[in-house]
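Descriptive structure summary
Listed below are the residues making up each chain.
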Amino acid sequence: MNTGLMTVAQTAAYMKLSEKTIRRMIKHGQLPASRVGDRSLRIRPDDVERYVSDTSISRMDQIHMECADEAPADTNAALLAVPVLADVLAAAANGPRMVTMFTGCGGLDLGFAEAGFHIVWGNDFDADAQAVHALNLGPVDGRNIMDVGEDEIPDCDILTAGFPCQPFSNAGNRRGVHDSRGMLYKECLRIIAKKMPKVIVFENVKGLLSTKYIDGRNLAEVIVEDLSTMNGLGYNVTYQLVNAADYNVPQNRQRVLFVGVRKDLGITFIFPEKHSRDGLTLRNVLTVPAGAQAHVDWPFSPQALDMVAYIPEGGSWKDVPYAHLAPRFQRIRDDMKKYHSPNFYRRFSRDEICGTMTASAQPENCGIIHPTEDRRFTVREVARIQTFPDRFQFITDTPKNITAMYKVIGNAVPVNLARNIAEAIMTQVFEPAEGGAEYNGH
């Protein structure tokens, strides 16, 4: 079984019981469960296994008989337990084993799985990201990574980590390593030192490159040094600031990527060549198929809508008449030099590549305004800008969940960027020198 948390539907399918029976067992204290945030129930696989092993065969048969009348006439309940992208996971089942830390909702995981990497374990502490990942790619371990022992994580060929970027982000307060989240990088080192995978991939925001470590050194240099000397063996580390738009992503999104290859393999990773940006404008992204899932938006506030109405396609808050600016924007307009002429409320045109999608999805922080309609991009439109396929599903059943989907998508690694990097790693490190052989772990 997967080591992550299971939904009620997944538990029901695994135990061959109805969801109603599982909920009744939870209510009566027979099966431990906890709530993700204030919403869905989640069950630990260990608790499911314990219940099954502690329950006699005759009693299990009786439970199955009791719930027979409750079971659906079709197999929909069982299908809910199967990740939406199970076919992608199955195709990579014989590939290099991958452990993913600070997994998020699955952008990086999906890109690597599409390139043939077999995900054996993932971890993320964010409940919304956990729920989306479970729906599409299977459950992840939802514990705080500081509570996870090294021996609880499977051995792997590659380890990826998108440790929290907010401490280094231009959109945040840039506290860097002085923010407790910034030190979660050390948790990556703890796991790497134990597992020593063949390849390591770190992803973070551009701000990391200008962040100083607690001793005054540049943080990027510290990362290279830490990995280069790991366990007396170390990694050949290369890092590069990349723009996702150069790798088939319809978005100008700059991120720094570190790729380390264990030194005994004698390989230094080379970043893939940039691609053409043809076909990446919003005009090519925003035609969403009729009936597409999660094609709903988070409404703007009345104050924001009043400003948006005055912004033409390709414009920004600078086009809004002074009288229609919110007071805080009037203060900025009064002294543009003091505030470094910020370009809030950017409304990209259909013939432009979109700007960076952020977790906040606020018009002050990113170009979230639709080119021709006075609204935010929908969840599905933002997902397309991040290159999630249309069959990748999101949870939009409540206004709170809709808002949460913008967060998890904005925090994700664009799928196409991840796949391009993953394919380069596969070719340079894991594929045999001469074609034809399947990866065998050696």
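For the structure, see preceding data.
Conventions used here
Residues numbered from 1 in each chain as written. Predicted model: local features only at pLDDT ≥ 70, side-chain atom pairs only at ≥ 80, totals over all residues. Heavy atoms only, no water. Salt bridge = Lys/Arg side-chain N within 4 Å of Asp/Glu carboxyl O. Helix = DSSP H or I, 4+ residues; strand = E, 2+ residues; numbered from the N terminus. Buried < 20%, exposed > 50% of the residue type's maximum accessible area, 1.4 Å probe, protein only. Polar contact = N/O pair within 3.5 Å; in protein donor to acceptor, adjacent residues only side chain to side chain. Contact = heavy atoms within 4.5 Å. Pairing = 2+ DSSP bridges. Axes fitted to C-alpha atoms, helices over the stretch in contact; angles between N-to-C directions. Phe/Tyr/Trp six-rings, centres within 6.5 Å; stacked < 30°, edge-to-face > 60°. Lys NZ or Arg CZ within 6 Å of the ring centre and 35° of its normal.

Under the definition given, this model contains 26 salt bridges. Linking Asp 155 and Lys 195 is a salt bridge whose minimum nitrogen-to-oxygen distance equals 3.2 Å. Here Asp 155 is found in the loop between helix 8 (127-137) and strand 5 (158-161), whereas its partner Lys 195 is found in helix 9 (residues 185-195), with 40 residues between them in sequence. A relative accessible area of 13% places Lys 195 in the buried class. The partner of Glu 423 in a salt bridge is Arg 419, with the nearest N and O atoms 3.9 Å apart. One end of the pair, Glu 423, and the other, Arg 419, are both in helix 15 (residues 415-430), four residues apart, so they sit about a helical turn from each other. Glu 423 gets classed as partly exposed once you look at its relative accessible area, which sits at 37%. Of the residues examined, Arg 419 reaches a relative accessible area of 21% and is grouped as partly exposed.

Moving on to the side chain of Lys 195. At a separation of 3.2 Å, a polar atom in the side chain of Lys 195 contacts the main-chain carbonyl oxygen of Glu 150. The contact partners of Lys 195, leaving out residues within four places of it in the chain, are Glu 150, Ile 153, Pro 154 and Asp 155.

This part covers unusual backbone geometry. At Phe 102, a residue that is not glycine, the phi angle is positive and equals roughly 55°. The residue Phe 102 is located in the loop between strand 3 (97-101) and helix 7 (107-114) in this model. On the basis of relative accessible area, Phe 102 is assigned to the buried category, the value being 15%. One non-glycine residue, Met 196, lies in positive phi territory at about 45°. Mapped onto the secondary structure, Met 196 falls in the loop between helix 9 and strand 6 (199-205). For Met 196, a relative accessible area of 14% puts it in the buried group.

A few words now on the sheet that holds strand 5. If you walk across this open sheet you meet the six strands as 4-3-5-6-8-7, and the pairing is mixed. Pairing within the sheet leaves two strands with one partner each, and these edge strands are strand 4 (118-123) and strand 7 (235-243). Strand-to-strand twist of the sheet, defined as the mean angle between neighbouring strand axes without regard to direction, takes the value 15°. Sheet topology note: the strand 7/strand 8 (residues 254-262) ladder contains nine bridges and is antiparallel. Bridged to Thr 238 within strand 8 is Val 259. Across the face of the sheet, helix 7 comes into contact with strand 3, strand 4, strand 5 and strand 6 while running at roughly 170° to strand 3. Across the sheet, helix 9 is in contact with strand 3, strand 5, strand 6 and strand 7; its angle to strand 6 comes to roughly 175°.

In this section: the packing of aromatic side chains. Geometrically, a pair of aromatic rings is defined through the distance of the ring centres and the angle of the planes. Applying the stated criterion across every chain, the model contains 15 aromatic pairs. Here Phe 329 and Tyr 345 contribute two aromatic rings whose centre-to-centre distance is 5.6 Å and whose plane-to-plane angle is 90°, an arrangement assigned as edge-to-face. Linking Phe 329 in helix 12 (residues 327-334) with Tyr 345 in the loop between helix 12 and helix 13 (379-385), this pair joins segments that are 16 residues apart in sequence. Each member of the pair, Phe 329 as well as Tyr 345, is classed as buried. Ring centres of Phe 388 and Phe 394 lie 5.7 Å apart, and the angle between their planes is 85°; this geometry places the pair in the edge-to-face category. Positioned above the aromatic ring of Trp 298 is the side chain of Arg 376, whose terminal nitrogen or guanidinium carbon lies 3.7 Å from the ring centre.

Geometric values such as these leave the question of function open.
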